[in-house]
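Structural overview for review
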Amino acid sequence: MAGPLEAGFWGFGGGSALLIGAGVGYAARLPQRLIAAIMAVGSGVLISAVAFDLMDEAYARGGFDSTAAGFLAGALVYTIANIAVSRSGAKHRKRSGSNPAQSQASADSGSGAAIAIGALLDGIPESVVIGLSLLHGGGVSTVTVAAVFLSNVPEGLSSAAGMKKAGRGPLYIFGVWGGIALASGIAALLGYVLLADASADLIAATTAVAAGAILAMLVDTMIPEATEETHEFSGLITVGGFLLAFMLSKLGG
């Protein structure tokens, strides 16, 4: 498979978890603790991906200056954008809805669009990294794809349930999440194409930008959900996800 198409395929694969989650959320109601446990595993996997895949790769390519600048810039840009979409109704886009106030906010028809934009905000950095992992003949980062997939399932699940409560039909719900999954594939493809001939410093900075955005997203959205629902077990579950990703990264290397 040609490089750009392969990047697009894996990016869409990670984003397709939104569709799977939306399908489950539309058809059934899962226990919130189960959703949060999946979120905790995904958090551990993403932390490992940031630490051992993204930051290591960025540092090896561009050194400390490019890596540090990109890392801080990614966190800053994500935080500003996240504040904007949160104030528009997407604050709890990764929440499973155990709190009535959160459920009501998710069910609001106006927040549905904000949730979709928030999901796009969360997914673009992850997808770009998937595309970057294929540059220079390297195989796709299995850890990153797994982390993206695990973080997207609960988001699609809870958000689709909120949209259904707001009276949205299946065509609208699956059209939104299908569009975001497609956008994830396009982002991975563009990450590969646009940076194929880029300098080592630029690739390092871009990788670090994604790492900073992902880590900020974890602290802002995924970890609070995991902690709220799984309580004293959230740390143990997250460690399990981290260990799984660490093993995958070493076996894959």
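Before any of the text, the structure's been laid out above.
Structure report, in brief. The structure presented is a predicted model; accordingly, all values stated were derived computationally and were not measured.

Describing the overall build of the protein
Within the protein, the regular secondary structure consists of 8 helices and 0 strands. Counted from the first residue to the last, the protein has its helices and strands arranged as α-α-α-α-α-α-α-α. Considering the protein as a whole, with its 253 residues, one finds that 50% of them fall into the buried category. When the accessible area of the protein is evaluated, it comes to approximately 10800 Å², of which 70% is carbon and sulfur surface.

A word on the side chain of Ser-48
The topology assignment puts Ser-48 in helix 2 (residues 32-90). Since its relative accessible area comes to 1%, Ser-48 is described here as buried. Apart from residues no more than four positions distant in its own chain, Ser-48 is found in contact with Asp-53, Phe-242, Ala-245 and Phe-246.

Examining the pattern of salt bridges
Scanning the model with the defined rule gives 1 salt bridge in all. As a salt-bridge pair, Arg-61 and Glu-57 come within 2.5 Å of each other at their nearest N and O atoms. Residue Arg-61 and its partner Glu-57 are located together in helix 2, separated by 4 residues, close to a single helical turn. Among the residues examined, Arg-61 registers a relative accessible area of 25% and is labelled partly exposed.

Let's talk about helix 7 (residues 200-230)
Each full turn of the α-helix corresponds to 3.6 residues, which orients residues three or four apart in the same direction. The sharpest bend along helix 7 comes to roughly 45°, located at Leu-218. Where helix 7 terminates, the next one or two residues include His-231, which has phi positive at roughly 55°.

Regarding the environment of Ala-226
Residue position: Ala-226 is located in helix 7. For the pair Ala-226 and Gly-42, spaced 184 residues apart in sequence, the C-alpha separation works out to 9.6 Å. Excluding residues that lie within four positions of it along the chain, Ala-226 makes contacts with Ala-36, Met-39, Ala-40, His-231 and Ser-234.

Concerning the packing of aromatic side chains
Two descriptors summarise a pair of aromatic rings, namely the distance from one centre to the other and the angle between the planes of the rings. Summed over the entire model, instances satisfying the criterion amount to 4 aromatic pairs. Here Phe-9 and Trp-10 contribute two aromatic rings whose centre-to-centre distance is 5.4 Å and whose plane-to-plane angle is 75°, an arrangement assigned as edge-to-face. Geometrically, the ring pair formed by Tyr-26 and Phe-174 is edge-to-face, given 5.9 Å between the ring centres and 65° between the ring planes. A residue pair is termed long-range when its members are at least 10 positions apart, and Tyr-26 in helix 1 (residues 3-27) and Phe-174 in helix 6 (residues 170-194) qualify at 148 residues.

A few points about the packing of helix 1 against helix 6
Running from N to C, helix 1 and helix 6 point in directions that differ by 155°, and their axes come no closer than 7 Å. By the angle class used here, helix 1 and helix 6 are roughly antiparallel. Between helix 1 and helix 6 the crossing geometry is right-handed. Tallied by class, residues from the contact of helix 1 with helix 6 come to 18 nonpolar, 9 polar and no charged.

So, the environment of Glu-6
As for its placement among the helices and strands, Glu-6 is situated in helix 1. Look at Glu-6 and you get partly exposed, because its relative accessible area is 24%. For the pair Glu-6 and Tyr-192, spaced 186 residues apart in the sequence, the C-alpha separation amounts to 9.5 Å.

Comments concerning a nonpolar patch on the surface
A cluster of nonpolar residues, Phe-12, Leu-182, Ile-186, Leu-190, Val-193 and Leu-194, forms a patch on the protein surface that exposes about 550 Å² of accessible area. The leading source of residues in the nonpolar patch is helix 6, at 5 residues. Counting through the fold element by element, Ile-186 comes out in helix 6. For Ile-186, a relative accessible area of 45% gives the class partly exposed.

Conventions used here
Residues numbered from 1 in each chain as written. Predicted model: local features only at pLDDT ≥ 70, side-chain atom pairs only at ≥ 80, totals over all residues. Heavy atoms only, no water. Helix = DSSP H or I, 4+ residues; strand = E, 2+ residues; numbered from the N terminus. Buried < 20%, exposed > 50% of the residue type's maximum accessible area, 1.4 Å probe, protein only. Areas by Shrake-Rupley, 256 points an atom, 1.4 Å probe, with all protein chains shown as cover. Contact = heavy atoms within 4.5 Å. Salt bridge = Lys/Arg side-chain N within 4 Å of Asp/Glu carboxyl O. Bend = angle between axes of the 7 residues up to and from the residue. Phe/Tyr/Trp six-rings, centres within 6.5 Å; stacked < 30°, edge-to-face > 60°. Axes fitted to C-alpha atoms, helices over the stretch in contact; angles between N-to-C directions. Parallel < 35°, antiparallel > 145°, perpendicular 65-115°, else oblique. Left-handed = near helix turned anticlockwise from the far one by under 90°. Nonpolar A, V, L, I, M, F, W, Y, C, P; charged D, E, K, R; others polar. Patch = residues over 30% accessible without salt bridge, like charges linked within 9 Å, V, L, I, M, F, W, Y side chains within 5 Å.

These figures capture arrangement, not role.
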